Amino acid sequence: MISPQEIWNRIKTILKNELDQDVFESYFESINEVYKEQNNTIYLITDSLFTKTRIQNTYLPRMNSLLSEFYSEPHYFSLLAKEEIEKDRISNKREINFSHSNPSGLNPNYTFSTFVVGDSNRLAHRYALLTAEQLAGVANPVYMFGDVGLGKTHLMQSIGNYILETKPDKKVLYVRTQDFVEDYVKAGKDSGYDEFSKKFDNIDVLLVDDVQFLESKKQCQIEFFKIFERLTGDKKLIVLTSDRKASELKDIMARLTSRFEWGISLDINKPNKEHRINIIKSKLKQEMKDPEIFSEDIIDYIATVCENNIRELEGALKRVLFYCEAFEEDFTLENAKEALKNIVSSQETIVSAAPSHDLRKMLDIVGAYFKIDQDELLSNSRKKEIVYARQLCWYIMRTKYDLTFKKIGDIFNGKDHSTVMHGYQVFEEDYKTSEDTKKNVENILRKMGKNPDKI
């Protein structure tokens, strides 16, 4: 297997060919050795904090995009300045504290520089930047809400990455609520709740994603309330995301939702077409050496057919890029339409199936929950995790919306009704016997704002 050092050598050569000579010599020429590989992260040493900041703000997304070509699972570059390492050595530490440079869960690609601002998120972006600059001095907590795939996680993690970059002495922790719940339950069986609670000691910034997953979990809510009180009492920053307003959360104790509203609530809405076009152009700059070969009519087409959320938009763009590169086709409007024809036809079928908004939202939620692109969900892939997620969709469509097997098959790229019926029956049996499967269905339904007891 190719080593991280060899991977960096190859990526460095690519960057040398892509960048202007003075840019490469100023920022990359001196980065020769991989410092360390840990937790799917490859650490590189820059000659100064200025160089580190410059690379992070401008070139890191491209570096991580190139890195993804060498691994089957996500890997990232993280940068450390020489003075940071020297500071640690002077303090007699045996090695640098990697949790400060890249806290568990934070994606280094999620920065303010890679977040595309438009009318739908301008206020949220502005306030998130102020929060990152002033920490809890503006408002606390910050509560961001909106539908799936609109950039809440990106904006939240941008706050964390900005703080780590500008205030490296601060301790930042990013937590998905699903993981919080699972770890809490596990702690009750293993190490005990005291050990669980200690994870949140000495935290300066706590980022909690998808807080709506606390619904109906009373003991977890009580523990979260204690952590919330402790941190806010110490004037530590808390940022929360949710798929709806705090006042619309169900089965969460009032003293907790009222605290969610203590600070400021920021809504993020669907991007308009101009915003979607800008998002595509920004993504192209990260993904392609020469984004100009991707014509305006292709960009306009993708922005027109993918209007629901950013995740869907980026998935469609990746599909067009992959299609043209895999079949060595030119980037033309005709080829873009061919690449997206199954997705577009499925969306048209969804529109004819009431309530279409709910079905679109369900596909978005299931894709995000299992980290699967919507085109994979609708595809014929036989990967175990994709088949499972697909059958979960069928189960909800059948039990919650009473769609026929034929209609479900039409939505999933014309699958035969007998195939859908068999998949539904397999999943139904699994739902009856597996607590994990039942929990997955309940989590998806709650995220959709549906009552899981009425299924």
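Residues numbered from 1 in each chain as written. Predicted model: local features only at pLDDT ≥ 70, side-chain atom pairs only at ≥ 80, totals over all residues. Heavy atoms only, no water.

K.L.:
Help me out: how do you make sense of a negative patch on the surface in this one?
P.N.:
Side chains of Asp 20, Asp 22, Glu 25 and Glu 29 sit close together on the surface and give a patch of like negative charge. Of note, Glu 29 is situated in the loop between helix 2 (21–27) and strand 1 (34–38). (Patch = residues over 30% accessible without salt bridge, like charges linked within 9 Å, V, L, I, M, F, W, Y side chains within 5 Å. Areas by Shrake-Rupley, 256 points an atom, 1.4 Å probe, with all protein chains shown as cover. Salt bridge = Lys/Arg side-chain N within 4 Å of Asp/Glu carboxyl O. Lys, Arg positive; Asp, Glu negative; His and termini not counted. Charge placed at Lys NZ, Arg CZ, Asp CG, Glu CD. Helix = DSSP H or I, 4+ residues; strand = E, 2+ residues; numbered from the N terminus.)

K.L.:
I keep staring at the sheet that holds strand 5 (residues 172–176) and nothing clicks. Help me out?
P.N.:
Working definition: the strands of a sheet are paired by backbone hydrogen bonds and lie parallel or antiparallel to each other. Strand order across the open sheet formed by five strands is 5-6-7-4-8, with parallel pairing between neighbours. Two strands bound the open sheet, and with one partner strand each, they are strand 5 and strand 8 (264–267). Taken over all neighbouring pairs, the strand axes of this sheet differ in orientation by 15° on average, direction set aside. Pairing analysis gives four bridges linking strand 6 (residues 205–209) to strand 7 (residues 237–242), with the strands arranged parallel. Following the sheet pairing, Val 208 is matched in strand 7 by Leu 240. Where helix 7 (residues 122–134) meets the sheet, it contacts strand 4 (142–145), strand 7 and strand 8, and its direction lies at approximately 140° from that of strand 8. Its contacts with the sheet put helix 11 (residues 218–233) on strand 6 and strand 7, and the angle it makes with strand 7 is roughly 140°. (Pairing = 2+ DSSP bridges. Axes fitted to C-alpha atoms, helices over the stretch in contact; angles between N-to-C directions. Contact = heavy atoms within 4.5 Å.)

K.L.:
Explain the nonpolar core to me, please; I cannot follow it from the model alone.
P.N.:
One broad trend across soluble globular proteins is that nonpolar side chains are buried collectively. Met 362, Val 366, Cys 393, Met 397, Phe 412 and Ile 444 are the most contacted members of the largest nonpolar core, which totals 33 residues. Looking at this core, the elements with two or more residues in it are helix 17 (356–370), helix 19 (384–401), helix 20 (405–411), helix 21 (417–433) and helix 22 (435–447). For this core, the element with the highest residue contribution is helix 19, accounting for nine residues. Excluding residues within four positions of it along the chain, Val 366 makes contact with Leu 377, Ala 389, Leu 392, Cys 393 and Ile 444. (Core = buried A, V, L, I, M, F, W, Y, C linked by side-chain atoms within 4.5 Å. Buried < 20%, exposed > 50% of the residue type's maximum accessible area, 1.4 Å probe, protein only.)

K.L.:
Which parts of the structure should I look at to understand helix 13 (residues 273–287)?
P.N.:
In an α-helix, one turn spans 3.6 residues; hence positions three or four apart end up facing the same way. An ideal rise of 1.5 Å per residue puts 21 Å on 15 residues; helix 13 measures up with 21 Å between its terminal C-alpha atoms. Within helix 13, burial applies to His 275, Arg 276, Ile 277, Ile 279, Ile 280, Lys 283, Leu 284 and Gln 286. Of the surrounding elements, those touching the buried residues of helix 13 are helix 4 (60–67), helix 14 (296–305) and helix 15 (310–326). (Expected span 1.5 Å × (residues − 1).)

K.L.:
Could you clarify how one ought to interpret the packing of helix 13 against helix 15 in this entry?
P.N.:
Think of two packed helices as two axes; the pair is described by the angle between the axes and how far apart they sit. Look at helix 13 against helix 15: their axes get within 10 Å of each other, and the N-to-C directions meet at 45°. Between helix 13 and helix 15, the angle is such that the two are oblique. The interaxial crossing formed by helix 13 with helix 15 has right-handed handedness. Here Arg 276, Ile 279, Ile 280, Lys 283, Leu 284 and Glu 287 of helix 13 lie close against helix 15, whose contacting residues are Ile 310, Leu 313, Glu 314, Leu 317 and Leu 321. A breakdown of the residues in the contact of helix 13 with helix 15 according to their chemical character gives seven nonpolar, no polar and four charged. (Parallel < 35°, antiparallel > 145°, perpendicular 65-115°, else oblique. Left-handed = near helix turned anticlockwise from the far one by under 90°. Nonpolar A, V, L, I, M, F, W, Y, C, P; charged D, E, K, R; others polar.)

K.L.:
Would you mind showing me how to read the sheet that holds strand 1 here?
P.N.:
Strand order in this open sheet of three strands is 1-2-3, and the pairing throughout is mixed. The sheet is open, and its two borders are formed by strand 1 and strand 3 (76–81), each paired with just one other strand. Mean inter-strand twist for the sheet, computed between neighbouring axes without regard to direction, equals 25°. Bridge count for strand 2 (residues 41–46) against strand 3 is six bridges, and the pairing is parallel. Counterpart to Ile 42 in the pairing with strand 3 is Phe 77. Helix 1 (residues 4–18) contacts strand 1, strand 2 and strand 3 of the sheet and is inclined by roughly 120° relative to strand 1.

Distances and angles like these do not, on their own, reveal function.
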